[in-house]
Amino acid sequence: AHTAHPQQCPRGNLVGWHWSQLPATKSLEVTFTEWSNEGFEPVASKTVEIPGCELAPHDMAMTDNCIVLQINALSMDPLPFLANLKGPAACLSMDGRAPVNAWIFPRPTSKNQFEPFSVDVPACFSIHFSHGYEDEITGNIVTFFSGWPPSDSKDFLGAWGGFAPDFIQIPPTFLWRLEIDPKERKTISLDIAPGSQNVCTEHMLVHPNFITKRAQNVYGTASNLIGDSSPPNGYVRLQVETGSTKRLQKGQKNEEVDAYWFGTRYFTSEPIIVPKEGGDPNNENDAYLLGIVRDASNRKNFLSIFDLQQNLRNGPIAKVWLKSGVPNGIHGCFAKDSKGGPSVFC
């Protein structure tokens, strides 16, 4: 199977990975590949084995030289699935209090090749990475990911079944900052990202030119600013390098966050950041945020467009209503054909 999260390196290559499960050794074989942005030709590839990994991670972080995979404390009992008693997700179980592992690999095209290694990370559950970079002063690897705090949850995704998710049972999703020292091969810190206290958010991303750089702004869907678990009905901008690290009590609103809320019975999908044509690629704000929003009362959807040179709280600069309702979607891309024709949003 191939990851749903290939990433475009600012230097040009598309980086992705596919994996095969090795049941006999309870390991995972992973092949990282980089493709050229011209002709989609493979440039370099590298295959590694991750011991003790029973289930493939969902996403990766990438820097100029490294790839980071975080292995959550998950296990699977395949017998109920093989007996047609449960679906595959229902056969998964998790330990929300167990430490997890972060594996660091050299990118296939990196001149700095090294033996892959893992570090212990305090208990958490990672979902999606927004970006990563190598600190130019310390040399440490810094990544940002959406995920759950430590919990007593054992039933992975069980609260997501049925007519609607049971948010009483679902942990709140926050943006986390993980820093790893590759020389000492240890975790330096894991904490809620600066500027993100009590912000329940998911599907985080940055300007595409900052995937492997120190980004000031991280964007995502927003559920609330009080540390609760609830459906997403807005978008948020988090300043993860200069934002406040002040601790907030659960239920206390984060008043410093730039966010926009569409209102009751509106639900937001994963956004996409699109650089402005002819804009400055080194200016994070010289771009648009695009996101599909569901108007559940009228059973219709629209494309919301935000100008990132303005505050999100000012609202979208345009809404493009679709002719009919569409299912809630995730993991999209933006492309423009070589003839300068209409844009494609998917």
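In this text the structure is predicted, and so the values were computed from the model without any measurement. (Residues numbered from 1 in each chain as written. Predicted model: local features only at pLDDT ≥ 70, side-chain atom pairs only at ≥ 80, totals over all residues. Heavy atoms only, no water.)

What follows is about the overall build of the protein chain. Along its length, the protein chain carries one helix and 25 strands. A compact globule built from 346 residues should have a C-alpha radius of gyration of about 20 Å, and the protein chain, at 20 Å, falls within 12% of that. Here the C-alpha coordinates of the protein chain stretch approximately 50 × 45 × 45 Å along the principal axes. Per-residue burial over the protein chain gives 49% buried out of 346 residues. Summarising the internal contacts of the protein chain: among those between residues at least 6 apart in sequence, 59% fall at separations of at least 24. Put simply, the protein chain shows about 17,000 Å² of open surface, and 52% of that area lies on carbon and sulfur atoms. Of the side-chain charges in the protein chain, 29 are positive and 36 negative, and the distance between the mean point of each set is 5 Å. (Helix = DSSP H or I, 4+ residues; strand = E, 2+ residues; numbered from the N terminus. Rg over C-alpha atoms; globule rule 2.2 N^0.38 Å. Buried < 20%, exposed > 50% of the residue type's maximum accessible area, 1.4 Å probe, protein only. Contact = heavy atoms within 4.5 Å. Areas by Shrake-Rupley, 256 points an atom, 1.4 Å probe, with all protein chains shown as cover. Lys, Arg positive; Asp, Glu negative; His and termini not counted. Charge placed at Lys NZ, Arg CZ, Asp CG, Glu CD.)

Let's shift gears to the sheet that holds strand 15 (residues 200–205). Ordered by their spatial adjacency, four strands build an open sheet running 15-16-17-18, and the pairing between neighbours is antiparallel. The sheet is open, and its two edges are formed by strand 15 and strand 18 (258–261), each paired on a single side. Going from strand to strand, the sheet's axes swing by 25° on average, the running direction of each strand aside. Pairing analysis gives four bridges linking strand 15 to strand 16 (residues 217–224), with the strands arranged antiparallel. Paired with Thr-201 across the bridge in strand 16 is Ala-222. (Pairing = 2+ DSSP bridges. Axes fitted to C-alpha atoms, helices over the stretch in contact; angles between N-to-C directions.)

If you walk across this open sheet you meet the four strands as 5-6-9-10, and the pairing is antiparallel. Only two strands of the sheet have a single partner each, and these edge strands are strand 5 (61–62) and strand 10 (117–121). The pairing of strand 6 (residues 66–71) with strand 9 (residues 100–106) spans six bridges and is classified as antiparallel. Considered in strand 9, the bridge of Ile-67 is made with Phe-105.

Phe-32, Ile-50, Leu-175 and Leu-238 are the most contacted members of the largest nonpolar core, which has 35 residues in total. For this core, the secondary-structure elements that each account for two or more residues are strand 2 (14–22), strand 3 (27–35), strand 4 (42–50), strand 6, strand 9, strand 12 (141–148), strand 16 and strand 17 (234–239). Grouped together as the second largest cluster of nonpolar side chains are 19 residues, Ala-61, Val-100, Phe-129 and Ile-180 included. (Core = buried A, V, L, I, M, F, W, Y, C linked by side-chain atoms within 4.5 Å.)

Within the secondary structure, Ser-223 sits in strand 16. Exposure remark for Ser-223: the relative accessible area of 12% places this residue in the buried category. Of note is the side chain of Ser-223, whose polar atom sits 3.4 Å from the backbone oxygen of Pro-231. In this structure Ser-223 touches Cys-200, Ser-230, Pro-231, Pro-232, Asn-233 and Trp-261, once residues within four positions along its chain are discounted. (Polar contact = N/O pair within 3.5 Å; in protein donor to acceptor, adjacent residues only side chain to side chain.)

Let's shift gears to a nonpolar patch on the surface. Nonpolar side chains collect at one region of the surface, where Met-76, Leu-79, Phe-81 and Leu-82 lie side by side and expose about 420 Å² of accessible area between them. Of all the elements, helix 1 (residues 78–82) adds the most residues to the nonpolar patch, at three residues. Inspection of the secondary structure assignment puts Phe-81 in helix 1. A residue is classified by how much of its surface remains accessible, and Phe-81, at 40% relative accessible area, is partly exposed. (Patch = residues over 30% accessible without salt bridge, like charges linked within 9 Å, V, L, I, M, F, W, Y side chains within 5 Å. Salt bridge = Lys/Arg side-chain N within 4 Å of Asp/Glu carboxyl O.)

For Arg-185, which is not a glycine, the phi torsion comes out positive at approximately 55°. Note on placement: Arg-185 falls in the loop between strand 13 (174–181) and strand 14 (186–192). Accessibility expressed as a relative area gives 42% for Arg-185, which makes it partly exposed. Backbone geometry at Arg-299 places phi at a positive 55°, although glycine is not the residue there. Looking at Arg-299, the relative accessible area reads 65%, which means it is exposed.

With that settled, the discussion passes to the packing of aromatic side chains. Counted under the stated rule, the structure contains 15 aromatic pairs. Consider the rings of Phe-114 and Phe-117, whose centres lie 6.0 Å apart with planes at 50°: the pair is tilted. Judged by relative accessible area, which is 6%, Phe-117 ranks as buried. Here the aromatic cluster, defined as three or more aromatic residues joined through ring pairs, consists of Tyr-235, Tyr-260, Phe-262, Tyr-266, Phe-302, Phe-306 and Trp-321. When the ring centre of Phe-210 is taken as origin, the NZ or CZ atom of Lys-213, which lies over that ring, is 5.5 Å away. Above the plane of the ring of Tyr-288 lies Lys-276, whose end atom (NZ or CZ) is 5.1 Å from the centre. (Phe/Tyr/Trp six-rings, centres within 6.5 Å; stacked < 30°, edge-to-face > 60°. Lys NZ or Arg CZ within 6 Å of the ring centre and 35° of its normal.)

Relative to the elements of secondary structure, Ser-27 occurs in strand 3. Once you skip the residues sitting within four places of it in the chain, Ser-27 turns out to touch Ser-20, Gln-21, Leu-22, Glu-49, Ile-50, Pro-51, Gly-52 and Cys-53.

A word on empty space enclosed by the protein. Where empty space is left can be seen by rolling a probe of water-molecule size over the atoms. Overall, the coordinates contain two cavities of 30 Å³ or more when judged by the stated rule. The wall of the largest cavity is formed by Ala-73, Met-94, Asp-95, Gly-96, Cys-124, Phe-125, Trp-148, Pro-149 and Ser-151. For the lining of the largest cavity, the per-class residue count stands at six nonpolar, two polar and one charged. Size it by volume and the second largest cavity reaches roughly 30 Å³. Taken together, Pro-57, His-58, Asp-59, Gln-70, Ser-126, Ile-127 and Phe-129 form the lining of the second largest cavity. (1 Å grid on protein atoms, 1.4 Å probe; cavity = no way out; pocket = protein on both sides within 12 Å on 5 of 7 lines; lining within 4 Å. Points joined across faces, edges and corners; volume = space filled by probe spheres on them. Nonpolar A, V, L, I, M, F, W, Y, C, P; charged D, E, K, R; others polar.)

Note that all results are geometric; they support no functional claim without further evidence.
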